Amino acid sequence: FYSLFVLFSFGFVQASPLKTYVYNNDFHHLSLYYQYIEDCNSFSPSEVIQNFKAGKFQHPEPEKAFSSGISTCSYWLAVEVKNGSGKNQKMLWSFYNNGLSFSFYEFKNNQLVFLDQSSMHERLGERSYPVRCISFPFYLDDDQSKILFVKVTPTVNKNIYFPTAIKTVEEFLTYELE
């Protein structure tokens, strides 16, 4: 009975497992890895985790920018990232849209830990990473994994559309200069 309880409990921890985005110096479209949930009820972080564990997050359309059309709802994205590059990396999770606000969290010790918030309404000097898009820096040691969440909230623009990517700082800056 105890082993059945352990197996059931382990399966319940994450009913819909994320496909891990393994960073190894190759580009992979992030839509193949993240999952999302629509939030029209202002979920608390604990409610987001409950929905995540219950498998209520959905897979987006593959190889496409995130798009839900016109909406006043927020959206939560979750992705598991693993560093397979062989060295420690400073990474950026970036979002390209002018009319949305983004809140960045890490899933740690079975809860969401708020890390940062930003939008295009903030001056570059006020952002944690001052570039033209919204970018959240985070670090991954070699072979380390993290589950990250972002809450996307409409501000002046109700069109929920944004390309998103996770890259190293070097890759990001190279892309920006090309």
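As the structure is a prediction and not an experimental result, all values here were calculated from the model.

1. Examining the pairing of strand E8 (residues 134-140)
Right, on to step 1. When you tally the buried positions in E8, you get five out of seven residues, the bulk of the element.
Right, on to step 2. Here strand E5 (residues 89-95) runs beside E8; their pairing, made up of seven bridges, is antiparallel. Note on E8: the bridge partner recorded for Lys90 is Tyr139.

2. Some remarks on the environment of Phe102
Right, on to step 1. Relative to the helices and strands, Phe102 resides in strand E6 (residues 100-108).
Right, on to step 2. Separated by 51 residues in sequence, Phe102 and Thr153 place their C-alpha atoms 6.4 Å apart.
Right, on to step 3. With residues near it in sequence (within four places) discarded, Phe102 still touches Phe95, Asp116, Gln117, Ser118, Ile134, Phe136, Val150, Lys151, Val152 and Phe162.

3. A look at the side chain of Ser101
Right, on to step 1. Within the secondary structure layout, Ser101 lies in strand E6.
Right, on to step 2. Residue classification places Ser101 among the buried residues on the basis of a relative accessible area of 13%.
Right, on to step 3. There is a polar contact of 2.5 Å between the side chain of Ser101 and the side chain of Gln117.
Right, on to step 4. Excluding residues that lie within four positions of it along the chain, Ser101 makes contacts with Gln117, Ser118, Ser119, Lys151, Val152, Thr153 and Thr155.

Cut-offs applied
Residues numbered from 1 in each chain as written. Predicted model: local features only at pLDDT ≥ 70, side-chain atom pairs only at ≥ 80, totals over all residues. Heavy atoms only, no water. Buried < 20%, exposed > 50% of the residue type's maximum accessible area, 1.4 Å probe, protein only. Helix = DSSP H or I, 4+ residues; strand = E, 2+ residues; numbered from the N terminus. Pairing = 2+ DSSP bridges. Contact = heavy atoms within 4.5 Å. Polar contact = N/O pair within 3.5 Å; in protein donor to acceptor, adjacent residues only side chain to side chain.

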